[in-house]
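# Structural overview
So you can see what is in the structure, the chains are spelled out below.
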Amino acid sequence: GLEGDKKSIIKFEFNPKDGIDNPALSLTEDTDGKGVGEPRFYLLSKGSAETFGFCLHEELGCQGHVIRQVELGGLAQRRGLQDGDRLLQVNGHFVDHMDHRRVVQKIKASGNQVLLAVLDSNSYEAAKALGRDLSQMLPADIRPRLCHITRDKSGFGFSVSGPEGIKGTFQLSVRQDGPAEKAGVPPGSWLLEVNGASVRSYSHAQLARKLKQSGSKVTLLVASSAVEEFYRLRGLRITAALADTSWLPFKVRELHMVKGAAGYGFLLKEDDCSSGATGQFLWDVDAGLPAEQAGMKEGDRLLAVNGESIEGLDHQQTVLRIRAHDDQVTLLVIDPAGDEFYQSIGLSPLLFFED
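Residues numbered from 1 in each chain as written. Predicted model: local features only at pLDDT ≥ 70, side-chain atom pairs only at ≥ 80, totals over all residues. Heavy atoms only, no water.

Per an unreviewed UniProt entry, the protein chain goes by NHRF4 protein and derives from Spizaetus tyrannus.

### Digging into the overall build of the protein chain
The following threshold applies: Here a helix means four or more residues in a row that DSSP labels H or I, a strand means two or more in a row labelled E, and each is numbered from the N terminus. Think of it in three bands: with a 1.4 Å probe and only protein chains considered, a residue is buried below 20% of the maximum accessible area for its type, exposed above 50%, and partly exposed in between.
Within the protein chain, the regular secondary structure consists of nine helices and 20 strands. In the protein chain, buried positions account for 48% of the 355 residues.

### Some words on the nonpolar core
The cut-off we apply is this: For our purposes a nonpolar core is just a set of buried Ala, Val, Leu, Ile, Met, Phe, Trp, Tyr and Cys residues, chained together by side-chain atoms within 4.5 Å. Residues count as neighbours in contact if any of their non-hydrogen atoms are within 4.5 Å of one another.
In terms of nonpolar packing, the biggest core is built from 42 residues, with Leu115, Leu134, Leu146, Tyr231, Leu332, Tyr342 and Leu347 touching the most fellow members. Setting aside chain neighbours within four positions, we find Leu347 in contact with Ala240, Ala241, Tyr342 and Phe352.

### Some points on unusual backbone geometry
Of note, the phi angle at Asp284 is positive, near 50°, even though the residue is not glycine. On the basis of relative accessible area, Asp284 is assigned to the partly exposed category, the value being 35%. The backbone of Asn306 shows a phi angle near 50°, a positive value even though the residue is not glycine. Mapped onto the elements of the fold, Asn306 is located in the loop between β18 (301–305) and β19 (308–309).

### Topic: the environment of Gly299
If you trace the backbone, Gly299 turns up in the loop between α7 (290–294) and β18. Overall, the relative accessible area of 8% leaves Gly299 in the buried class.

### Remarks on the layout of surface pockets
So the rule is basically this: Two kinds of site are reported from a 1 Å grid over the protein atoms alone, namely cavities, where a 1.4 Å probe fits but cannot get out, and pockets, open sets with protein on both sides within 12 Å along at least five of seven lines, and residues are called lining when an atom falls within 4 Å of a point. Grid points are joined across faces, edges and corners, and a volume is the space filled by probe spheres set on the points. Think of it as three bins: nonpolar holds Ala, Val, Leu, Ile, Met, Phe, Trp, Tyr, Cys and Pro, charged holds Asp, Glu, Lys and Arg, and polar takes everything else, Gly as well. Bear in mind that the domain bounds are from an automatic or database domain assignment.
Estimates place the volume of the largest pocket at around 480 Å³. Lining the largest pocket are 28 residues, and of these Arg301, Glu311, Leu347, Ser348 and Pro349 lie nearest its centre. Among the elements of the structure, α2 (100–109), β17 (278–283), β18, β19 and α9 (336–344) are those that each provide at least two residues to the lining of the largest pocket. No other element matches α2, which puts five residues into the lining of the largest pocket. Among the residues making up the lining of the largest pocket, the classes are represented as twelve nonpolar, eleven polar and five charged. Split by domain, the residues of the lining of the largest pocket number at least three in each of domain 1 (40–137) and domain 3 (253–351).

### Details of the confidence of the model for the protein chain
Detailed conclusions should not be drawn from predicted coordinates in areas where pLDDT is low. Keep this limit in mind: A residue's pLDDT is the predictor's confidence in that residue, given on a scale from 0 to 100.
Taken as a whole, the protein chain shows an average pLDDT of 86; of its residues, 90% reach a score of 70 or greater. This model gives residues 1–34 a pLDDT under 50, and the stretch forms 92 contacts once residues within four places in sequence are excluded.

### Describing the pattern of salt bridges
One side chain can pair with another of opposite charge once the charged atoms of both are near each other. What counts, and what does not: Salt-bridge detection follows one rule: a side-chain nitrogen of Lys or Arg within 4 Å of a carboxyl oxygen of Asp or Glu.
All told, the structure shown has eleven salt bridges when counted by the stated rule. Across the pair Glu59 and Arg68 runs a salt bridge, and its minimum N-O distance is 2.9 Å. Owing to a relative accessible area of 21%, Glu59 belongs among the partly exposed residues under this scheme. Measuring nitrogen to oxygen at the nearest pair gives 3.0 Å for the salt bridge that ties Arg232 to Glu228. Separated by four residues within a single helix, Arg232 and Glu228 lie in helix α6 (residues 225–233), roughly one turn from each other. Among the charged side chains, a salt-bridge network with shared partners connects Glu59, Arg68 and Asp83.

### Brief notes about the pairing of strand β4 (residues 54–57)
Filter applied, for reference: Paired strands, in this sense, are two strands between which DSSP finds at least two bridges.
By the alternation rule, side chains of β4 split into Phe54 and Leu56 and Cys55 and His57, which are all buried. Here β4 runs beside strand β5 (residues 66–68); their pairing, made up of three bridges, is antiparallel. When the bridges of β5 are listed, His57 appears paired with Val66.

### Considerations on a negative patch on the surface
Put simply, the test is: By definition, no residue in a patch forms a salt bridge, and every one has over 30% relative accessible area; like charges are joined within 9 Å, nonpolar side chains (Val, Leu, Ile, Met, Phe, Trp, Tyr) within 5 Å. Only the protein chains shown count as cover for residues, and all accessible areas are computed by the Shrake-Rupley method using a 1.4 Å probe. Neither His nor the chain ends is counted toward charge; the positive residues are Lys and Arg and the negative residues Asp and Glu. The atom standing in for a charge is NZ when the residue is Lys, CZ when it is Arg, CG when it is Asp and CD when it is Glu.
A cluster of acidic residues, Glu270, Asp271, Asp272 and Asp314, forms a negative patch on the protein surface. By secondary structure assignment, the location of Asp271 is in strand β16 (residues 267–272).

### Quick notes on the environment of Ile142
Mapping Ile142 onto the fold places it in the loop between α3 (121–129) and β9 (145–150). In this structure the C-alpha to C-alpha distance between Ile142 and Ala223, which are 81 residues apart in sequence, comes to 9.0 Å. Once residues within four sequence positions are removed from consideration, Ile142 is found in contact with Phe41, Gln89, Gly92, Leu115, Val227, Phe230 and Tyr231.

### With respect to the packing of aromatic side chains
Worth spelling out the cut-off: Stacked, edge-to-face and tilted labels apply to pairs of Phe, Tyr and Trp rings (six-membered ring for Trp) whose centres lie within 6.5 Å, assigned for plane angles under 30 degrees, over 60, and everything in between, in that order.
This structure, assessed with the given rule, holds seven aromatic pairs. On the numbers, 5.7 Å between centres and 25° between planes, the contact of Tyr342 with Phe352 is stacked. Taken together, the residues span a long stretch of sequence, with Tyr342 in helix α9 and Phe352 in the segment after α9 at a distance of ten residues. With a relative accessible area of 2%, Tyr342 lands in the buried category. Residue Phe352 is classed as buried on the basis of its relative accessible area of 7%. Grouping aromatic residues by their ring pairs yields a cluster made of Phe250, Phe341, Tyr342 and Phe352.

### Examining the side chain of Thr318
Let me state the cut-off plainly: By the criterion applied in these results, polar contacts are pairs of N or O atoms within 3.5 Å in which, for protein atoms, one can donate a hydrogen and the other can accept it, and in which residues neighboring in sequence qualify only through two side-chain atoms.
You can see Thr318 is positioned in helix α8 (residues 315–322). One polar contact links the side chain of Thr318 to the main-chain carbonyl oxygen of Asp314, over a distance of 2.9 Å.

### Quick look at α9
Within the sequence span of α9, burial applies to Gly338, Asp339, Phe341, Tyr342 and Gln343. Residues of α9 that are buried make contact with β9, β14 (217–223), β17, β18 and β20 (328–334). Among the residues of α9, the N-terminal cap falls to Asp335, whose side-chain oxygen and the backbone nitrogen of Ala337 are separated by 3.2 Å. Phi turns positive, to about 70°, at Gly346, one or two residues after α9.

Encoded structure:
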C-alpha cells in the first residue's frame, strides 16, 4: 500500500480498551482564531493487535503529511486528532521535511505507542505562506536519552539520590569524565529505566541490587529536568521508544550497492533471533564485491530494503524485495551486538534510524 495514487498510505486503528484521559496537549492556544496556532501533542497507546485509528496521506496539491479518516470513536479521535491536521513530529523527530514513506516507517517502527505533534490545517498553511520554520515552533529537545554505560575501575560514574521513603524517584549525580558522563548521562537527570525495566516501583535498595546485577554494563533511560517537566505537565509517561539514542554505540547502517558482474556478493539466510522471532541474516560476504565494499559484515541482520521494513516478512518475500530493482539496492542492517542490545530492551532498531 505504499505505491500508486499517493493517497492512503497506511491505516492506524485503535484500542477500544484505552481510556479517554489524554486530551489534546498544546503548548499554547491561538485564542482569537487568527494567524498561526501552536502544535498539539498526543501520546497514542494501543494493544498489539490493534491500530491507532487514523490514516496518513500524501496528497497532490496539499503540503505536508496529512491526517485523514480519523475513526469515529477511535483512539486518535478520543485523543483529539482532527481530519486535515499536519504531522510535524514523531517521537520527538521533526518529520515535515521527510519522505512520506520514511514517516510511515517511523510510526510503524514505534510499535504500540507513539508521540505525535500536529498542527491544524489552517495554521499549517498560514505558516507555510509566511515562510515560517515549522521546526522552530516545537520545543528544542523533548526526548529522554538512552545511555549504555561500561563500568571502569571505580564504577559506573554516577550516584543516586532520592527523597527518603519515596519509591521510584531517583536523581543522578554524574562524575566528571567518568563512564556515565562519557555515555551521555546529563548531570542532575532523572532515572526512568534500568536495562529496559521501569524504576517507578523501586526502593533505593532494590535499585542498588538491580545495578549490581547488571555486571560491567548497564543501560539507563534518563531525562533532564526540562524534559521530565515537559512530560509531567502534560500527564505523559516517558518511555524508551521516545529516546534520543545518539549516544549509544549501536547504530543502524545504510548500505547502498550497485550489482557487479558477479552479483552483490553475499548470501541471505533465515534464522532465529535471540528474542525467538525469525530474522534475515547476511553471510558469506565475498571480498572485493559490492556488499563488502558497502560495509556489510557477516552476521548483520537485515532490517529494511529500499526504505521498507522487512521485519515480519519471510525469506522469499525478502528476496523478492531485494530483486525488485535489477541493478542496485539499499539495505538497512545492524550488527549482532546492536541487534542483541535492541532486542534486550524490546525495541526495533528502525525506530531510531536517522536519515
